Amino acid sequence: MAKGFGFQLLVHWFLGLVLLIMCFQSSSSYAQNRPSQNVIQPHINTLKPYQNQILKKLEEFDPLVNEIFRQLTERSLPDSFVLVPMLESSYNSNAISPAKAAGLWQLMPATAERFGLTVNDRQDQRFEIEPSTHAAMQYIDFLYRKFDGDINLTLAAYNAGEGRVQRAVKKAGSRQFSDLRLPKETVDYVHRFYALLVLVDVTSLKQNTVAPMWLFASESYWQSTPLVNLTPLPPLISL
């Protein structure tokens, strides 16, 4: 009995060590891949005047933020991806871009259909929070695995498409984001994401969210009491 208990302790210790090493490697990779401060700073300056509105919007959508955190954890994806809908639509499920991307996650029609959403004249599930969130999680998960856990390439592909990023990587002979020739919009997108990370403490955000009592209910369920007199916040990528 004692010998078996000792073996179990050894296994748990080993698994804990492996997890610690994986976390360290992930953090190290994240720090190494983070764009330089001089390219992020202009975006921080752009977003800074909106910081209070950004934080209030995240507070307003606390139940939805919590659900996104849950799905990210379930898929072993970085918590920072909770900020993608803030960057894309400022958590506005009715947002439509000039390029016809739509909804909370600003999915293009082909991408939405690829990951199981209905998009036609009678129904467009990109505007529905529950199915669009599930589809976006699948897409981000796919991109994150495809680009070997590189956050920069994942974000770039979410914005510009994985094909364009793959071609840029091949042409540059490098997976370093700063070496790639990508549209200015995509470069700005990645840099603005990191600027947003400076203004929003994702760790505190996760600790302060309240777990919902049930999964996807009505659209209004994903908001706590709506904040009154809040100046509309445009999609942050458009600022």
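As recorded in an unreviewed UniProt entry, the protein chain goes by Transglycosylase SLT domain-containing protein and comes from Vibrio coralliirubri. What UniProt states about the protein chain under its Sequence similarities (unreviewed entry) heading is, verbatim, "Belongs to the transglycosylase Slt family."

Enquirer: Hey, could you go over the nonpolar core for me, with residue numbers and the actual values?
Expert: Grouped together as the largest cluster of nonpolar side chains are 58 residues, with contacts concentrated most on V82, Y91, W105 and Y158. Setting aside chain neighbours within four positions, we find Y158 in contact with V84, E88, W105, L107, A136, Y139, I140, L143 and Y189.

Enquirer: Provide a residue-level description of the packing of aromatic side chains, including the pertinent values.
Expert: Taken as a whole, this structure holds six aromatic pairs when the rule is applied. Consider the rings of F61 and Y91, whose centres lie 5.8 Å apart with planes at 35 degrees: the pair is tilted. Note that F61 is positioned in the loop between α3 (51-60) and α4 (62-74) and Y91 in the loop between α5 (84-89) and α6 (109-114), a separation of 30 residues in sequence. Per residue, the accessibility class of F61 equals that of Y91, and both read buried. With centroids separated by 6.3 Å and ring planes inclined at 55 degrees, the aromatic side chains of F115 and F142 adopt a geometry described as tilted.

Enquirer: I'd love a proper account of the pattern of salt bridges, names of residues and values included.
Expert: A full pass over the atoms with the stated rule returns 10 salt bridges. Between E60 and K57 there is a salt bridge whose closest N-O contact spans 3.6 Å. Here the residue E60 and the residue K57 both occupy positions in helix α3, the gap between them amounting to three residues, near one helical turn. K57 shares its class with E60; the two are buried. Between D141 and R75 there is a salt bridge, with the nearest N and O atoms lying 3.0 Å from each other. Of this pair, D141 sits in helix α7 (residues 129-146) while R75 is found in the loop between α4 and α5, placing the two residues 66 residues apart along the sequence. Of the residues examined, D141 reaches a relative accessible area of 14% and is grouped as buried. Bridged by salt links that share partners, the residues E67, R70 and E74 form one connected network.

Definitions and limits used
- Residues numbered from 1 in each chain as written.
- Predicted model: local features only at pLDDT ≥ 70, side-chain atom pairs only at ≥ 80, totals over all residues.
- Heavy atoms only, no water.
- UniProt positions renumbered as here; feature names shortened; annotations may be inferred.
- Core = buried A, V, L, I, M, F, W, Y, C linked by side-chain atoms within 4.5 Å.
- Buried < 20%, exposed > 50% of the residue type's maximum accessible area, 1.4 Å probe, protein only.
- Contact = heavy atoms within 4.5 Å.
- Phe/Tyr/Trp six-rings, centres within 6.5 Å; stacked < 30°, edge-to-face > 60°.
- Helix = DSSP H or I, 4+ residues; strand = E, 2+ residues; numbered from the N terminus.
- Salt bridge = Lys/Arg side-chain N within 4 Å of Asp/Glu carboxyl O.

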